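Residues per chain, in single letters:
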Amino acid sequence: MATVNGYQGNTQVAAPAGATPSKQTVTAEKIVDTQSVLKRLQSELMALMMSGESGISAFPEGDNIFCWKGTIRGSKDTSPKVKFETSCFHPNVDIYGNICLDILQDKWSSAYDVRTILLSIQSLLGEPNISSPLNTQAAQLWSNQEEYRKMVEKLYKPPSAAAV
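Residues numbered from 1 in each chain as written. Predicted model: local features only at pLDDT ≥ 70, side-chain atom pairs only at ≥ 80, totals over all residues. Heavy atoms only, no water.

Turning to the overall build of the protein, a few remarks are in order. Secondary structure assignment for the protein yields four helices and five strands. Classification of the 164 residues of the protein by burial places 17% in the buried group. Considering only residue pairs separated by 6 or more positions, the protein has 45% of its internal contacts joining residues 24 or more positions apart. Counting every atom, the protein has about 12,800 Å² of accessible surface; 55% of that belongs to carbon and sulfur. (Helix = DSSP H or I, 4+ residues; strand = E, 2+ residues; numbered from the N terminus. Buried < 20%, exposed > 50% of the residue type's maximum accessible area, 1.4 Å probe, protein only. Contact = heavy atoms within 4.5 Å. Areas by Shrake-Rupley, 256 points an atom, 1.4 Å probe, with all protein chains shown as cover.)

Right under this line is the structure:
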């Protein structure tokens, strides 16, 4: 009977004293480990999809089954947590992507749907509430649109090929 990765049949075989595992054995163990994790994650994804549990969901991001995004529905009449995942230089958005918008805070109502929230954010982006800024620098620059645009370009415009 052959010994594979320290196992003979279903029994683990002890390595001789002072022996170190070969690179081939370590690599094989990692491949087996990755394959077993992949198989488990695929199984868990299928179980989640088939369970029909209300209020929770989780799915891999893109094609990477090792990176998941999950959601949990909050209690009734609680406001959703909405934020920018990419940076956004705006008077009502802080450096962490949090948005200062009344319907996401004290004016929340369960009557709002996703469409309403997105339209409200779109409106806020074009017409910020300067009297309640999360980003004071952006709020101060907002009144001078030329300076504001220069700052946005400085922060987000990729360097030109001439500068490289």
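Attention now goes to the layout of surface pockets. Here the largest pocket defines a volume of roughly 550 Å³. Forming the walls of the largest pocket are 20 residues, and the residues nearest its centre are T78, S79, P80, K81 and W108. Where the lining of the largest pocket is concerned, the elements lending two or more residues are β5 (64-72) and α2 (114-126). It is α2 that provides the largest number of residues to the lining of the largest pocket, a total of four residues. A class-by-class count of the residues in the lining of the largest pocket yields nine nonpolar, six polar and five charged. (1 Å grid on protein atoms, 1.4 Å probe; cavity = no way out; pocket = protein on both sides within 12 Å on 5 of 7 lines; lining within 4 Å. Points joined across faces, edges and corners; volume = space filled by probe spheres on them. Nonpolar A, V, L, I, M, F, W, Y, C, P; charged D, E, K, R; others polar.)

This part takes up the pairing of strand β4 (residues 56-61). As paired elements, β4 and β5 share six bridges and run antiparallel to each other. Residue pairing for β5: P60 is matched across the bridge by W68. A loop of two residues connects β4 with β5, the two strands running antiparallel in sequence, and G62 in this loop sits at a positive phi of about 60°. (Pairing = 2+ DSSP bridges.)

Per the counting criterion, the structure on display carries three aromatic pairs. Note on F89 and Y148: the rings are 5.4 Å apart at their centroids and 35° apart in plane angle, and the pair reads as tilted. Of this pair, F89 sits in the loop between β5 and α2 while Y148 sits in helix α4 (residues 145-156), and the two are 59 residues apart along the sequence. Like F89, the residue Y148 is buried in the burial classification. Measuring from ring centre to ring centre gives 4.9 Å for W142 and Y148, while their planes differ by 80°; the resulting arrangement is edge-to-face. (Phe/Tyr/Trp six-rings, centres within 6.5 Å; stacked < 30°, edge-to-face > 60°.)

Taken as a whole, the protein shows an average pLDDT of 80; of its residues, 77% reach a score of 70 or greater. Contacts of residues 1-22 to residues separated by more than four positions or lying in other chains number 18 contacts, the stretch itself having pLDDT below 50. (pLDDT = per-residue confidence, 0-100.)

Its place among the elements puts D94 in the loop between β5 and α2. Buried within the structure, D94 lacks any salt-bridge partner; K83 is the closest side chain of opposite charge, at an N-O distance of 6.9 Å. (Lys, Arg positive; Asp, Glu negative; His and termini not counted. Salt bridge = Lys/Arg side-chain N within 4 Å of Asp/Glu carboxyl O.)

Another aspect to go through is a nonpolar patch on the surface. A cluster of nonpolar side chains, contributed by M46, M49, M50 and F59, occupies part of the molecular surface with about 460 Å² of accessible area. Take M49: it is sitting in helix α1 (residues 23-51). Overall, M49 belongs to the partly exposed group, its relative accessible area being 47%. (Patch = residues over 30% accessible without salt bridge, like charges linked within 9 Å, V, L, I, M, F, W, Y side chains within 5 Å.)

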